Amino acid sequence: MTEITRLFDFPYYQHETYNLEKAFTTKYDGKWKSTSTKEYIDLANTISRGLLKLGVQPNDKIAVISTTNRTEWNIVDIGILQIGAQNVPIYPTICKEDYEYILNHSEAIYCFASDKEIIEKLNNIKENTKLKAVFTFDDVAEEKSWKEVLVLGEAKNNQDVVEDRKKNVTPDDLATLIYTSGTTGRPKGVMLSHKNLVSNVIDCEKRVPFDYGKSKSLSFLPVCHVFERMILYLYQYCGVEVYFAESIEKMGDNLKEIKPNVMTAVPRLYEKVYDKIVAKGSELSGIKKALFFWAIDIGLKYEPYGANGWLYEKKLALARKLIFSKWKEGLGGNLDLMVSGSAALQPRLTRVFAAAEMPIMEGYGLTETSPVVSVNDQRNGGFKVGTVGRIIDNVEVKIAEDGEILVKGPNVMKGYFKDPKKTAEVISNDYFHTGDIGVICKDGFLKITDRKKDMFKTSGGKYVVPSLLENQLKQSRFIEQIMVIGEGEKMPAALIQPNYEFIKEWIDRKNKDIKKDNHSICDSQILIDRIQKEVDEANAYFGKWEQIKRFELTPDVWSIDDNHLTPTMKMKRKVIKEKYKDLIEKIYRP
């Protein structure tokens, strides 16, 4: 049996253990096309041989940029890694200037790109980089196709060189450079070794209740994000069939087509799924509507392991039968597990989806920790609402005097590429300083309370934790995004991006005299007063010094493309402050 010590060992292990007919499945021109484990390995070896013929040496960097997750990404990944080169995945949504910076900083010599849109961005800057060629997954006129590398590698006369290269790759060798999407400043190149990622996969495997060799997964979080990439290696390790969603927009259709048992997502996506379900429930009438919201009320009180007592469990069983079973059916019918990472998940979502028998197991980690540090697991009492689970095996967490979470273990990165100064700032005595504030509960569960960098003091010297206020307010259906501000000011305030989709429907339903364009909505006193009501309700949970005293609405929809959000949907606080400095002035200096 293959011993797994390097990332490219996973496909060979899968071949020996499960030998799947459908290891990866991607939709092309409206039809799903599956690749078996054997085909996956054969194609990866063909890519390796082709890259050798292109002159790729150990430690050369090869960039991979894909708009959607697809089978080709995984084939190329293994093809690169097993000849001792490094895969540099790049977020497809970043600007061309960031493409140029990452390609130059990493010294990438080749690039695989998925489609015409990415090629257009690359063609604007590739002359300023060291790229020798760009190969495309889609057929793009006048561009080199990745099939050219496959043709180069067809002859097996240099397979012995591939085998030799494989033997020379050690667990401590660099496997990948992942450039953090960063909420501030230039992206940093996180150096992850084979051991970093392999250890994380093997230590996380104990927390996932898969039906090994039979489970199906839906993958759509960008694979350039370390969370989804680690999960894809984990699926390979556990013999889980992987289906790649066509897009976020088509995710609902794909869930119904594939009927997966597991999927991973970021909290924003679970929020949107929940909001859509609630919106549909709002359209019901009479007894059906009353039952729908009764079931939600039951769900919002959910506690695991029957902690609410037998009467609650009886009501829950009825709610599941009448209402929640339809939710599950709408998401394919087989979804037994969802995993959430990247940002804080609202406890109400944890409760209501667990009540609906589609539990979201929230975890915690960072790119620099490969990524998982802790994760919830329904089995063996390992699930606690409002926490990010217990710390995984072989990883050590301690809380510093100022509350910062420090992490030590085989998953901690080698450092930041070409930046020993920044590396030294975050790693001391083998502990990585996460920049997150948290506590370890007496039963071993880790709870995140804030980002160290995001906490601020008002001019009165009082500390404010913005994420707590933001998470409370994002529960309102009127609010899509909110950023709490007030550092050095006399009081906390907020910039709010209204949930325009919901508000336009609300205007029709309530027959309000408001024009339905974004600017009119933001200027409407009726709407401002309605959102004030939501703010007042949320404020009741906080001390007087923390409460939001004023807010302004933004007519723009905050997005990745317009640089409000990182590719993982985190707010770029500095950017947002700069974009809306006039609104901030209006709040504090009217």
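From a predicted model like this one, the values you see are computed outputs, not experimental measurements. (Residues numbered from 1 in each chain as written. Predicted model: local features only at pLDDT ≥ 70, side-chain atom pairs only at ≥ 80, totals over all residues. Heavy atoms only, no water.)

## Some details on unusual backbone geometry
No. 1: Each neighbour pair has its own omega, and for Ser370 with Pro371 the value is -15°, a cis peptide bond.
No. 2: Tracing the chain through its elements places Pro371 in the loop between β14 (360-365) and β15 (372-375).
No. 3: For Asp430, which is not a glycine, the phi torsion comes out positive at approximately 70°.
No. 4: Note that Asp430 resides in the loop between β20 (427-428) and β21 (431-440). (Helix = DSSP H or I, 4+ residues; strand = E, 2+ residues; numbered from the N terminus.)

## As for the sheet that holds strand β1 (residues 24-28)
No. 1: Spatial ordering of the open sheet is given by β2-β1-β11-β10-β12-β13-β14-β15-β16, a layout of 9 strands whose pairing is mixed. A strand with exactly one partner marks an edge of an open sheet, and here the two such strands are β2 (31-35) and β16 (390-391).
No. 2: For strand β10 (residues 216-219) and strand β12 (residues 262-265), the ladder comprises 2 bridges, and the chain directions are parallel. Bridging across to β12, Ser217 finds its partner in Val262.
No. 3: Against the sheet, helix α11 (residues 267-282) contacts β12, β13 (337-340) and β14, and its axis sits at roughly 110° relative to β12. (Pairing = 2+ DSSP bridges. Contact = heavy atoms within 4.5 Å. Axes fitted to C-alpha atoms, helices over the stretch in contact; angles between N-to-C directions.)

## What about the nonpolar core?
No. 1: Membership of the largest hydrophobic core comes to 123 residues, with the highest contact counts inside it found for Phe112 and Trp327.
No. 2: Sorting elements by how many residues they give to this core places helix α9 (residues 226-238) first, with 10 residues.
No. 3: Not counting the four nearest positions on each side in its chain, Trp327 is found in contact with Tyr274, Ile277, Phe292, Ile296, Val352, Ala356 and Met358.
No. 4: By size, the runner-up hydrophobic cluster in this structure holds 26 residues, among which are Ile496, Trp506, Ile514 and Phe551. (Core = buried A, V, L, I, M, F, W, Y, C linked by side-chain atoms within 4.5 Å. Buried < 20%, exposed > 50% of the residue type's maximum accessible area, 1.4 Å probe, protein only.)

## Remarks on the sheet that holds strand β27 (residues 550-553)
No. 1: Spatially, the 3 strands line up as an open sheet ordered β25-β26-β27, and their pairing is mixed. Strand pairing shows two members of the sheet lacking a second neighbour, β25 (479-485) and β27, which therefore form its edges. Between one strand axis and the next, the sheet turns through 25° on average, direction left out of account.
No. 2: Where β25 meets strand β26 (residues 493-498), 6 bridges bridge the pair, whose relative direction is antiparallel. Looking at the pairing, Met483 lines up with Leu495 of β26.

## What about the side chain of Ser217?
No. 1: In this structure, Ser217 sits in strand β10.
No. 2: Non-local contacts of Ser217, meaning those with residues more than four positions away in its chain, are made with Tyr235, Val240, Glu241, Val242, Tyr243, Pro260 and Val262.

## Quick word on the pattern of salt bridges
No. 1: Within this structure, the stated rule accounts for 33 salt bridges.
No. 2: Notably, a salt bridge pairs Glu489 with Arg589, separated by 3.0 Å at the nearest N-O pair. On the criterion of sequence distance, the pair formed by Glu489 in the loop between β25 and β26 and Arg589 in the segment after α21 (581-588) is long-range, its members being 100 residues apart.
No. 3: Residue classification places Glu489 among the buried residues on the basis of a relative accessible area of 18%.
No. 4: Residues joined in a network through salt bridges with shared partners are Lys27, Glu246, Lys250 and Glu257. (Salt bridge = Lys/Arg side-chain N within 4 Å of Asp/Glu carboxyl O.)

## Considerations on the environment of Thr350
No. 1: Take Thr350: it is sitting in helix α14 (residues 347-355).
No. 2: By relative accessible area, which is 3% here, Thr350 ends up buried.
No. 3: Thr350 sits 94 residues away from Gly444 along the chain, and the two C-alpha atoms are 19 Å apart.
No. 4: Apart from the residues within four sequence positions on either side, Thr350 is in contact with Leu345, Ile360, Phe383 and Val385.

## Overview of the pairing of β15
No. 1: Two elements, β14 and β15, share 3 bridges in a ladder whose sense is antiparallel. Bridged to Gly363 within β15 is Val375.
No. 2: Hairpin connection, β14 to β15: the antiparallel pair is bridged by 6 residues, and Ser370 has positive phi, about 70°.
No. 3: Pairing of β15 with β16, which is carried by 2 bridges, proceeds in the antiparallel orientation. Counterpart to Val375 in the pairing with β16 is Arg390.

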